[in-house]
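# Architecture and fold: a report
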Amino acid sequence: MDLTYTPEEEEFRARLREWLGKVLPTLPPGPSPDDWPARRAHDLGWQRMLYDAGYAHVHWDASPTTRLIFLEETEKAGAPYVGANFVGLLHAGPTIAAEGTAGQRERWLPPILRGEEVWCQGFSEPEAGSDLAALRTRAWRDGDDYVVSGSKIWTSHAEVADWCELLVRTDPAAPKHKGITWLAMPMDAPGVTVRPLRTLAGSAEFAEVFLDEVRVPVANRVGAENDGWRVTMVTLSFERGTAFVGEVIACRRVLGELAREARGNGRWDDPLVRRRLGRLNAEFRALWRLTQWNVSEAESSGGVPGAGGSVFKLRYSHARQELYDTAADVLGPDCLDLDRPWVLDRLSSLSYTIAAGTSQIQRTIVGERILGLPKGR
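Only a predicted model underlies this, so the values are computations on that prediction, with no experimental measurement involved.

The subject of this paragraph is the overall build of the chain. The helix and strand inventory of the chain stands at eleven helices and eight strands. For the chain, buried positions account for 50% of its 377 residues. Sequence-distant contacts in the chain: of pairs separated by 6 or more residues, those separated by 24 or more amount to 74%. Summed over its atoms, the accessible surface of the chain is roughly 17,200 Å², and 53% of this surface lies on carbon and sulfur atoms.

Here it is, written out as structure tokens:
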């Protein structure tokens, strides 16, 4: 597997790095983490800058390797995170690009790239747990519309979203993986109610969403009716395969900062701390190489990441938790001070073995699809 970059890709890296060096010093400071309308405006503004500079296309109209370089360089440079654009740019957008009709791509992709519309993810449900296919939100056909009733939970950025990538059950009599449909639902449709949720870390980027006979045009269906599980696997392959790329770079940066902090406060003298930092350094270097491998595999398979994304997601989730547990060891008593660096990150890291598919689900995928183990009964 060739993990090297071509001269054209390195030229793209150099051009992007030069542009970031010019524009990042001119950006105003980011808004308060709790002010989501302001964060939406800030995130959309940054996306518009990328669009005007010719870099917005990398999320789905470029090779996976070019996308990897873009994510690597923007994270290293400290560029604004995608934020409220996360679902649109890294989940819904790539899915529509891969599975949508020409009309759907023309309608939804340009506004995401231009920083005009925000998407949220309506997958998880209160009673389904980690078994996504056990969803109960119903949709039945009424002329040119689906009528949708049910509820979703942990709906990312629902309070500021224009659209929702929504999973619904359109055939209750079918086996649970066969009766699901993927819809694009306008969040301002009558019958949609959003209630923000506050996390352990104090943020409110998630919400409950209640749907009371919401009408969604049949034209907003991506893929065939009852084929939504296959379409969802495309969405999740992007989420697990490339959406965390920037976070691996960020974790490697945090690891270096932790080492400097440990040298400054005396914790470096503890051989156990040094051993943990050294092992984590090897861990994240290996994860980066695995990311490159997954991207190279996607390059040869039409741009959609494969099951290797589950290997990455499984190990990365636990490595991130170990990183911030080590940060607590380095900080000592200060690890209880919410104003210190890494403390809130430690709280948010607890969610990573659940978000984008639990670790148990990832182990099942690895066992069945990569190792060829028999399916459980």
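A word on the side chain of Asp43. Mapped onto the fold, Asp43 is located in helix α2 (residues 36-53). Of the buried charged residues, Asp43 lacks a salt bridge, with Arg39 as the closest side chain of opposite charge at 5.0 Å. Not counting chain neighbours up to four residues away, the residues in contact with Asp43 comprise Tyr81, Val82, Gly83, Ala84 and Asn85.

So, about the pairing of strand β4 (residues 163-169). In regular strands, side chains alternate between the two faces of the sheet. Counting buried residues along β4, seven of its seven residues qualify, which places the element largely inside the surrounding structure. The alternating pattern of β4 places Trp163, Glu165, Leu167 and Arg169 on one face and Cys164, Leu166 and Val168 on the opposite face, and all of these are buried. Of the strand pairs in this sheet, strand β1 (residues 119-122) and β4 are connected by four bridges, and their pairing is parallel. Its bridge partner being in β4, Trp119 is matched across the sheet by Trp163.

Our next topic: the pattern of salt bridges. The tally for this structure, following the rule as stated, stands at 28 salt bridges. A salt bridge links Glu247 to Arg320; its shortest N-O distance comes to 3.3 Å. Here the residue Glu247 occupies a position in helix α7 (residues 245-265), and Arg320 occupies one in helix α9 (residues 308-331), the gap between them amounting to 73 residues. Judged on exposure class, the residue Glu247 and its partner Arg320 are both buried. A salt bridge links Arg267 to Asp270; the shortest N-O distance between them is 3.7 Å. On the basis of relative accessibility, which here comes to 28%, the residue Arg267 falls in the partly exposed class. Owing to a relative accessible area of 24%, Asp270 belongs among the partly exposed residues under this scheme. Linked through salt bridges whose partners overlap, the residues forming this network are Glu10, Arg13, Arg17, Glu72, Glu73 and Lys76.

This part is about the environment of Val58. Counting through the fold element by element, Val58 comes out in the loop between α2 and α3 (64-76). On a C-alpha basis, the gap between Val58 and Leu71 in space is 9.3 Å, while along the polypeptide they are 13 residues apart. Among all residues touching Val58, those that are not within four sequence positions of it are Phe12, Thr66, Arg67 and Phe70.

A word on the nonpolar core. Core analysis: the largest hydrophobic core is formed by 41 residues, its most contacted members being Trp19, Trp46, Phe70, Leu258, Phe284 and Leu323. Breaking this core down by element, the ones donating at least two residues are α1 (7-23), α2, α3, α7, α8 (271-299) and α9. Ranked by residues supplied to this core, first place goes to α9 with nine residues. Apart from residues no more than four positions distant in its own chain, Phe70 is found in contact with Phe12, Leu16, Leu50, Tyr55, Val58 and His59.

A few words on the confidence of the model for the chain. With 87% of its residues at a pLDDT of 70 or more, the chain has an overall mean of 85. No element of the chain has a lower mean pLDDT than helix α11 (residues 359-370), which averages 69, and none a higher one than strand β8 (residues 221-222), which averages 98.

A separate point is the packing of α1 against α2. One can describe the packing of α1 onto α2 by two numbers: an axis separation of 12 Å at closest approach and a directional angle of 135°. What the angle tells us is that α1 and α2 run oblique. Judged by the sense of rotation from one axis to the other, the crossing of α1 with α2 is right-handed. Of the residues in α2, those in contact with Trp19, Leu20 and Val23 of α1 are Trp46, Met49, Leu50 and Ala53. Partitioning the contact of α1 with α2 into residue classes produces seven nonpolar, no polar and no charged.

Summed over the entire model, instances satisfying the criterion amount to eight aromatic pairs. Seen in terms of ring centroids, Trp108 and Trp119 are 5.9 Å apart; in terms of plane orientation they differ by 85°. Their pairing is edge-to-face. Of this pair, Trp108 sits in helix α5 (residues 102-113) while Trp119 sits in strand β1, and the two are eleven residues apart along the sequence. In this structure, Trp108 and Trp119 share a single accessibility class: buried. Ring pairing ties together the aromatic residues Phe12, Trp19, Trp46 and Tyr55, which thus form one cluster. For the cation-ring pair, Arg13 lies above Tyr5, with the distance from its terminal atom to the ring centre recorded as 4.8 Å. Over the face of the ring belonging to Tyr146 we find Arg141, whose NZ or CZ atom lies 5.8 Å from the ring centre.

Cut-off values and rules
Residues numbered from 1 in each chain as written. Predicted model: local features only at pLDDT ≥ 70, side-chain atom pairs only at ≥ 80, totals over all residues. Heavy atoms only, no water. Helix = DSSP H or I, 4+ residues; strand = E, 2+ residues; numbered from the N terminus. Buried < 20%, exposed > 50% of the residue type's maximum accessible area, 1.4 Å probe, protein only. Contact = heavy atoms within 4.5 Å. Areas by Shrake-Rupley, 256 points an atom, 1.4 Å probe, with all protein chains shown as cover. Lys, Arg positive; Asp, Glu negative; His and termini not counted. Salt bridge = Lys/Arg side-chain N within 4 Å of Asp/Glu carboxyl O. Pairing = 2+ DSSP bridges. Core = buried A, V, L, I, M, F, W, Y, C linked by side-chain atoms within 4.5 Å. pLDDT = per-residue confidence, 0-100. Axes fitted to C-alpha atoms, helices over the stretch in contact; angles between N-to-C directions. Parallel < 35°, antiparallel > 145°, perpendicular 65-115°, else oblique. Left-handed = near helix turned anticlockwise from the far one by under 90°. Nonpolar A, V, L, I, M, F, W, Y, C, P; charged D, E, K, R; others polar. Phe/Tyr/Trp six-rings, centres within 6.5 Å; stacked < 30°, edge-to-face > 60°. Lys NZ or Arg CZ within 6 Å of the ring centre and 35° of its normal.

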